[in-house]
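Okay, here's what each chain looks like letter by letter:
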Amino acid sequence: MLTMDDFVNEDDPILRQVAVEVPLPASNEDKQLLASLMEYVQNSQKPDIAALYGLRAGIGLAAPQVNVSKRMIAVHLKDKDQLYSYALFNPKLVSHSVEKAYLTSGEGCLSVNRPVSGYVPRYARITVAGTDLEGKPVQLRLKGIAAICFQHEIDHLNGIMFYDHINPEDPYAIPENSIAVER
Ligand code: ZN
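About the thresholds
Residues numbered from 1 in each chain as written. Predicted model: local features only at pLDDT ≥ 70, side-chain atom pairs only at ≥ 80, totals over all residues. Heavy atoms only, no water. Phe/Tyr/Trp six-rings, centres within 6.5 Å; stacked < 30°, edge-to-face > 60°. Buried < 20%, exposed > 50% of the residue type's maximum accessible area, 1.4 Å probe, protein only. Lys NZ or Arg CZ within 6 Å of the ring centre and 35° of its normal. Donors = N, O, S within 2.8 Å, 3.2 Å for Na, K, Ca; no water. Helix = DSSP H or I, 4+ residues; strand = E, 2+ residues; numbered from the N terminus. Pairing = 2+ DSSP bridges. Core = buried A, V, L, I, M, F, W, Y, C linked by side-chain atoms within 4.5 Å. Contact = heavy atoms within 4.5 Å.

Colleague: Residue-level account of the packing of aromatic side chains, with values.
Modeller: Two descriptors summarise a pair of aromatic rings, namely the distance from one centre to the other and the angle between the planes of the rings. Going through the model one piece at a time under the given rule, you end up with five aromatic pairs. Between the aromatic rings of Phe162 and Tyr163, the centroid separation amounts to 5.3 Å while the plane-to-plane angle is 65°, which identifies the pairing as edge-to-face. Take Phe162: its relative accessible area is 3%, and that puts it in the buried class. Aromatic rings pair up to connect Tyr102, Tyr119 and Tyr172 into one cluster. Between the NZ or CZ atom of Arg114 and the centre of the ring of Tyr163, over which it lies, the distance is 5.1 Å.

Colleague: Tell me about the coordination of the zinc ion, and name the residues and values.
Modeller: Surrounding the zinc ion are the protein donor atoms Cys109 (SG), His152 (NE2) and His156 (NE2), which sit 2.0 to 2.3 Å from the metal. Spacing between the donor residues of the zinc ion along their common chain follows C-x42-H-x3-H. Separated by 43 residues along the polypeptide, Cys109 in the loop between β4 (100-103) and β5 (122-123) and His152 in helix α3 (residues 144-157) bring together distant segments of the chain. Of the residues examined, His152 reaches a relative accessible area of 7% and is grouped as buried.

Colleague: Can you explain the environment of Val8? Please cite residues and give values.
Modeller: In this fold, Val8 is placed in the segment before α1 (28-44). Accessibility expressed as a relative area gives 10% for Val8, which makes it buried. Placed 103 residues apart in sequence, Val8 and Ser111 show a C-alpha to C-alpha distance of 7.1 Å.

Colleague: Please give an account of the pairing of strand β3 (residues 82-96) that cites residues and values.
Modeller: Looking at chain direction, strand β2 (residues 72-79) and β3 are connected through eight bridges and run antiparallel. Its bridge partner lying in β3, Asp79 is registered against Gln82. From the end of β2 to the start of β3, which pair antiparallel, there are two residues, and Lys80 there has a positive phi angle of about 50°. Taken together, the five bridges between β3 and strand β6 (residues 125-131) define a ladder with antiparallel strand orientation. For Ser95, the partnering residue across the bridge sits in β6 and is Thr127.

Colleague: Which residues make up the nonpolar core, and what are the values?
Modeller: A general feature of soluble globular proteins is that nonpolar side chains tend to end up buried together. Counting 24 residues, the largest nonpolar core has Ile73, Leu77, Leu88, Val128, Leu142 and Phe150 as its most contacted members. Of all the elements in the fold, those that place two or more residues in this core are β2, β3, β4, β6, β7 (137-143) and α3. The element best represented in this core is α3, accounting for eight residues. Discounting residues that sit within four places of it in the chain, Ile73 has contacts with Leu34, Leu37, Leu61, Ala62, Tyr86, Ala87, Leu88, Pro91, Phe150, Glu153, Ile154 and Leu157. Formed by 20 residues, the second largest nonpolar core is a distinct cluster that contains Val22, Leu33, Leu34 and Ala50.

Colleague: Can you lay out unusual backbone geometry for me, pointing to particular residues and giving the numbers?
Modeller: Cis geometry is adopted by the peptide bond preceding Pro25, which originates at Leu24 and carries an omega value of -5°. Relative to the helices and strands, Pro25 is located in the segment before α1. Backbone geometry places Lys80, a non-glycine residue, at a positive phi of 50°. Considering the arrangement of structural elements, one finds Lys80 in the loop between β2 and β3. Residue class for Lys80 comes out exposed when judged on its relative accessible area of 73%. For Asn177, which is not a glycine, the phi torsion comes out positive at approximately 50°. Relative to the helices and strands, Asn177 is located in the loop between α3 and β8 (178-181).

Here it is as structure tokens:
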């Protein structure tokens, strides 16, 4: 199982690379890695297991964060009693709203061990397509925290960190045409 020891440091160049597509059907090795990304995120939300193994809690994880520059992400979160639990190969933003959204608490990242202040502008609504662990195509329409989390994780596949989006002159400037998302 993955632990914090498997994570690369924030300044590791792998976090700035564009990750490569996973050839499909996925190899057993790629499936195992994707399953382990999901396992980490789920375990990190179980207080007993997280405490035992020293796991920092997260709602999403991308392969480059554990030193594999391949296009895979896992997201596991609950919003308004709905569970969003998806492990995807080659996730892609196929469309998005014009309207933006931002998390009022700002964003955090399992690769960033320091607080970063500021609002991160995201699209308010997105459609994501990808392939799940069973090889089935998945298409998701997302809004709120789930849309924000998927954008954060897909950014990792393109070498983008959440703070790249923060306005350096005025970190708490409300992004234009945006809605506030509470978490
Ligand atoms: Zn992150």
